[in-house]
Structures are given as structure tokens and as C-alpha cells.
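Structure assessment
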Amino acid sequence: MRLKLYNSLTRTKEEFKPLKKGVVGVYVCGPTVYGHAHLGHAKSYVGFDILVRYLRYLGYSVTYVQNITDVGHLTDDADEGEDKVGEAARREKKHPMALAELYTRSYFEDMDRLNCVRPDISPRASGHIIEQIELVKTLLEKDYAYEVNGSVYFDVSKFADYGKLSGRNVEDMQAGARVEISPDKKNPADFALWKKAEPNHIMQWPSPWGMGFPGWHLECSVMSMKYLGKTIDIHGGGLENQFPHHECEIAQSQAANDAQFVRYWLHNNMVTVDGQKMGKSLNNFITLKQAFSGAHEKLTKHYDPMAVRQLILNSHYRSPLDFSDAALFAAHSGHEKLTETVKAVRKRMLQAPNGPIETKLAKQLRQFRVKFEAAMNDDLNTSVALSVLFELARVANKLLDQNTTDQTLSAIDALFGRLGDDVLGIVKHQYEEQVSDEVIDKLVRFWIQRRNQARRNKDFALADGTRAELDNIGIVLEDGPDGTTTWRWK
RNA sequence: GGCGGCGUGGCCAAGUGGUCUAAGGCGACGGUUUGCAAAACCGUUAUUCGCCGGUUCGAAUCCGGCCGCCGCCUCCA
């Protein structure tokens, strides 16, 4: 069976065939870096992380591009609001580029903790102004765009397919239902390619139309074209960007290039928190840093990033996901079970008797792999794929109760590695048991107490024995004149 | 107003015409193991898939109606 993906463009699951054999270009709409990443980012980017990992598992050579939006994304409607990065910069009293850098780093840090593979290229919108201006020029030359007062708009009436992706009809949409119509536009659905900047606007660049900045939609067209070509295999993004962002990308790109822009459109569904949409005004807006530290009133504890990842993989990427403390807790418990099993297998592997794997078991492991791949091939059904890991864990734990062979255990470990690590990213190559200084201090103090108890009981043999044992480990006890005991490394 | 999605056990969640008396996880309960516990393992926990009607030899899965919930079209992945 081959990989099938649900293509938003055709609204069907289609067999995935890349344009060039064995090579896949993936472009995913990245974050606008004006704040810390939140649970919504986690769902979206873990979802596409799985796509990239699985394509690589299947043997494709994948180029994964995910932009960083640091200019042009407005707070209001696509044309009238303030630049998000600019506004946040003003609020935090930073230069916009410093603010973008801060949150870009924060974003990468959070994604690393979620064990998402880094994109191969993370292009910044502000680093591609020249290319964006070039695209606007092309669209003007081809008469798909018009200039008004230093701004350039795309003329939607000239692009027949506008609305095809999101199933909308320009005529049917209530023009300006919730948004003021810009007087400069010929048609309310027209969108900005280039915006004139007022003098106080910090981020602005010279252009043939005067000082200004690019429209938000432009960057994705330009950067995907630059790094992946005019026609790309897969474009991913959050469902909320299907309209208008992705429609606009299609219109710009295809008008400019006279070529299909994207062959497979993938859209990730949204998250809710306790059943409600997550919004800054709703007091249920949870950043990843808050989830990882537990610093949010909706959370009873801090959650390991892997628990968040596990919860995301527990459901399908096209289904909405409700984050609740209970759901996170359940995911955490489940993840712990898998982790403990993998650790136990690896530990036992080292001392298990030499011997081959039983034929019957080898067959069962192959079946697990078949089931896993069938699930993943079916539009990345991670929920079922994950269930295979739990079945594998059960088999492994049963074998651990018996005196099984080293080859059996290493086969199980290899399967955990291939499926759980390479594809799902919830099993790690290595688990280093790190002991903090605080824990060591508590342990030593515990022994100091025991020794002092022995001293009070005049059991000097035990007291001295304890001190000698600690000394062997490299820990020196020092009894002060006031009866207190401190310790230091030898 | 326009567009779309969802409703499966106490909770999360797969399954979308027969292998479904419905995967997997969490939780709960009983058992094995254990000095006790934890972990692990075994078993129990939906004859039923929001409600009503229809199509069909057969429906959680298709169609119609109703009820409920959610999202997008502003911000937001």
C-alpha cells in the first residue's frame, strides 16, 4: 500500500506521488514571531513533523521549508491593521528585528523540546524583500495587479480559481461583513501585495511604488518558489489559513508563474482548551513554556514536552484537538509506560543470554510494522500507529518476565527505534538518567541524618562505616563544633 | 449571513457498508507477582456508536429530519 494524503484542494485522499521521483519539497507556513509559541503551534508543527519524518522513513529525500514571518502580518484585516511584529516591538520596547529574533529563538527552543526535526530552511520574510518586490512587478506587468497611492493590490476578479481551495465564491461572500472595505480597492476581495508605509512605520523598504512593506501572503509564494520551485509537492498549514492566506498564495503564484502552485494541500485542524477556542482574551491561552512549566491556572502540573507530543499524536491531524489537564495527564501516563518499557528492554538487552529470535515472534514484529505502515499510509493515522507501539510494549513486557534472548530484545528495541523514534518521535535514542545537584544533596543529607542517629546511639561502628562508605564515593563529611555536619566533594 | 466539521464506554480516541457483540491509551475494579508497595502481566469495565425515520440481505458507517457542540470567514498555527 502506498501513502495516501488528504488533499484539501480535491477534498479526497489521494495517493501521494511527488513531481520528481524520490524527492519531495514540503513547505509549511511558519509562525509569526511576535510572541511565544502556544499549544496551537504545537499541534500544527508536530503534525507536519510527522509528515516529514514519515516521508523520510519511506525513503524520500525531503526538503523541508518553513518560513519565519517577521514582517507584513497585520493585526487586523489583511489590509488595515498594524504590523504584528511592529506592534509587539513597540509594546516591549524593542527593535522589531530584535523582537523577531527573540521569539524565533523561543520558537526553535520549544519545537526542539517537542522533538520536532528542524526545517532544512527557515527563511525570513524580511530577508526576501527583493524577491517579493520582483513578484509584485511581475504581477503588475501581467495586469493581475494595480497600484493605488503607493500600495499594490491583487485583482481577484482576474483570477478565476480564487476561492477554489476553501470552497468559497467571491460573489457569495458578504463583502466587508466584518471588515471595513478599503476605499483603494476595486473589489473588496482584492488583497494587498505591497503596502505603502507611513513615515513612523519602522519596517519599510524602498520599492518602485515608494517606501513600503510586503503584504503577508506574498512571502510564502516567494520563498516556496525560491527554495522549492514554481510547483511544489506539499504545502501545509493551519486550517485557519486556508482562507484567505492560502487562496491568495495560489492566486499570486499561479498568476505569476502560469504553473500549478501546489500539488497537495494539507491542513491541520485547530486546538481548543477545555472545549473552547483558545484565545488571548479567554484566559485559556496556554503557551508551550507554560505547559512545560505548569505555570497556568488551567494546569495542575507541569507536562513533559513528550506528553504534549503524545497527546497530539493520539488523535488525527485533521481532527480538532481539545487540550485539557485530564487529557494531558492521560497522555503523560501513556508516554511514561512506553518509555519505561523501552528503557527496560535496553537494560535487559545487555545481560540477556545469547540466542536468536523466535520465528513466531519475528513474524509478529513484522506484522506490527505492517499495521503501523498501513495506518501511516492512510493519511497519517497516528492514533492507530501509536496503538501499535502499545501492543509492542505489551509483548515486550511479557518477554521481560521470561528469560528471553538478546537477539529478541534487540529486535524489539530496533522496532521501537524505527517506529517510535524515527517516525513518531516519542521514543528517544538514549535516556540519560540525569541526577541534579539538588537530589544528590538530599541523598547525602539523608545519610548524614542516619549517621548522626547512629552517633547519638553510640553506635560508632555504624557511624564510622557510613562515613567511610561516603568517602569511597568521594564525599567528605565534616562535623562542625556545633554538632552540624556538612559535606563536600573530595 | 456564507463555508465547514463534530457528537463512539467514566475521560481521550480510532474505525466511515459485512472480519465491529467497535483498536489503542488513561481511569476504575478484581486477580497474578511482591515482606509491603511501585512497575509489569491477566481479567472486567459500549450487544452499542446524539435522537427519530429511511435505503439495504446487512449501517457506528449511506440518505432525510431533529437536537446538541465546535471551528473558519477578525486576531490566531
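Residues numbered from 1 in each chain as written. Chains lettered and ligands numbered in written order. Predicted model: local features only at pLDDT ≥ 70, side-chain atom pairs only at ≥ 80, totals over all residues. Heavy atoms only, no water.

Details of the nonpolar core
- The biggest cluster of nonpolar side chains holds 90 residues, and the ones touching the most others in it are Val26, Ile234, Phe323 and Leu424.
- Here this core gets 11 residues from one element, more than from any other, and that element is helix 1 (residues 39-57).
- Aside from chain neighbours lying at most four places away, what touches Phe323 is Leu39, Val271, Thr272, Val273, Asp274, Val308, Leu311, Ile312 and Leu328.
- Among the nonpolar cores identified, the runner-up in size contains 35 residues, and Tyr27, Cys29, Leu135 and Phe261 belong to it. (Core = buried A, V, L, I, M, F, W, Y, C linked by side-chain atoms within 4.5 Å. Buried < 20%, exposed > 50% of the residue type's maximum accessible area, 1.4 Å probe, protein only. Helix = DSSP H or I, 4+ residues; strand = E, 2+ residues; numbered from the N terminus. Contact = heavy atoms within 4.5 Å.)

Overview of the environment of Val136
- Considering the arrangement of structural elements, one finds Val136 in helix 4 (residues 129-141).
- Sequence separation of Val136 and Glu219 is 83 residues, and the distance between their C-alpha atoms is 11 Å.
- Beyond its immediate stretch of four places on either side in the chain, Val136 contacts Val152, Leu193, Trp209 and Leu218.

Describing the sheet that holds strand 11 (residues 271-273)
- Read across the sheet, three strands follow the order 12-11-13 without closing on themselves; strand pairing throughout is mixed. Each edge of the open sheet is held by one strand with a lone partner, namely strand 12 (276-277) and strand 13 (321-323).
- Judged from the two bridges that link them, strand 11 and strand 12 form a sheet pairing that is antiparallel. Directly across from Val273, in strand 12, lies its bridge partner Gln276. (Pairing = 2+ DSSP bridges.)

Observations regarding the pairing of strand 6 (residues 151-154)
- Where burial is concerned, the two faces of strand 6 agree: the one with Ser151 and Tyr153 and the one with Val152 and Phe154 are both buried.
- As judged from the four bridges shared by strand 5 (residues 145-148) and strand 6, these two strands associate in the antiparallel manner. Counted as the bridge partner of Ala145 is Phe154 from strand 6.
- Between the antiparallel neighbours strand 5 and strand 6 lie two residues, among them Asn149 with a positive phi of about 50°.
- Bridging between strand 6 and strand 7 (residues 191-196) involves three bridges; their strand directions are antiparallel. Of the residues in strand 7, the one forming a bridge with Tyr153 is Ala192.

Quick word on the pattern of salt bridges
- On inspection of all chains with the given rule, the structure shows 32 salt bridges.
- Across the pair Arg91 and Glu87 runs a salt bridge, and its minimum N-O distance is 3.8 Å. With a gap of four residues between them, Arg91 and Glu87 both fall in helix 2 (residues 84-92), about one helical turn apart.
- Since its relative accessible area comes to 28%, Glu87 is described here as partly exposed.
- Its salt-bridge partner being Lys289, residue Glu109 comes within 3.6 Å of it at the nearest N-O pair. Of this pair, Glu109 sits in helix 3 (residues 96-113) while Lys289 sits in helix 7 (residues 288-293), and the two are 180 residues apart along the sequence.
- Taking the relative accessible area as the measure of exposure, Glu109 reaches 44% and is therefore partly exposed.
- By sharing partners, the salt bridges in this structure join Arg451, Arg455, Asp464, Arg467 and Asp479 into a single network. (Salt bridge = Lys/Arg side-chain N within 4 Å of Asp/Glu carboxyl O.)

What to know about the protein's contact with RNA strand B
- Contacts to RNA strand B come from 46 residues, most closely from Thr75, Lys84, Asn241, Lys277 and Val384.
- For RNA strand B, the backbone portion of the atoms within 4 Å of the protein, that is sugar and phosphate, comes to 76%.
- Contact distances for RNA strand B include 3.2 Å between a sugar or linking oxygen and a side-chain N or O atom of His38.
- Within the side chain of Asn241, an N or O atom sits 2.4 Å from a sugar or linking oxygen of RNA strand B.
- Of all elements in the fold, only helix 1, strand 12, helix 9 (325-349) and helix 11 (382-400) reach the threshold of two or more residues within the surface near RNA strand B.
- Looking at the surface near RNA strand B, the element that brings in the most residues is helix 11, giving eight residues. (Near = heavy atom within 4 Å. Polar contact = N/O pair within 3.5 Å; in protein donor to acceptor, adjacent residues only side chain to side chain.)

A look at the confidence of the model for chain A
- Mean pLDDT over chain A: 90, with 96% of residues reaching 70 or higher.
- The element-level mean pLDDT for chain A is lowest in strand 12, coming to 82, with helix 12 (residues 406-423) highest at 97. (pLDDT = per-residue confidence, 0-100.)

Description of helix 5 (residues 216-228)
- Given a rise of 1.5 Å per residue, 13 residues ought to cover 18 Å, and the 19 Å separating the end C-alpha atoms of helix 5 matches this to within 8%.
- For helix 5, the buried fraction is high: 10 of the 13 residues fall into the buried class.
- By the burial criterion, the buried members of helix 5 are Trp216, His217, Leu218, Glu219, Cys220, Ser221, Val222, Met223, Ser224 and Leu228.
- Of the residues one or two after helix 5, Gly229 is the one with positive phi, at around 100°. (Expected span 1.5 Å × (residues − 1).)

A closer look at the packing of helix 4 against helix 6 (residues 242-257)
- Across the interface, helix 4 lies against helix 6 with an axial gap of 9 Å and an inter-helix angle of 65°. One way to sum up the angle between helix 4 and helix 6 is to call them roughly perpendicular. In the packing of helix 4 onto helix 6, the handedness of the crossing is left-handed. Taken together, the residues of helix 6 that come into contact with helix 4 (itself represented by Leu135, Thr138 and Leu139) are Gln252, Ala255 and Ala256. (Axes fitted to C-alpha atoms, helices over the stretch in contact; angles between N-to-C directions. Parallel < 35°, antiparallel > 145°, perpendicular 65-115°, else oblique. Left-handed = near helix turned anticlockwise from the far one by under 90°.)

A closer look at helix 3
- With 18 residues, helix 3 extends 26 Å from end C-alpha to end C-alpha; this agrees with the ideal 26 Å at 1.5 Å per step.
- Along helix 3, the residues that are buried comprise Pro96, Leu99, Ala100, Tyr103, Thr104, Ser106, Tyr107, Phe108, Asp110 and Met111.
- Buried residues belonging to helix 3 abut helix 1, strand 4 (61-66), helix 2 and helix 7.

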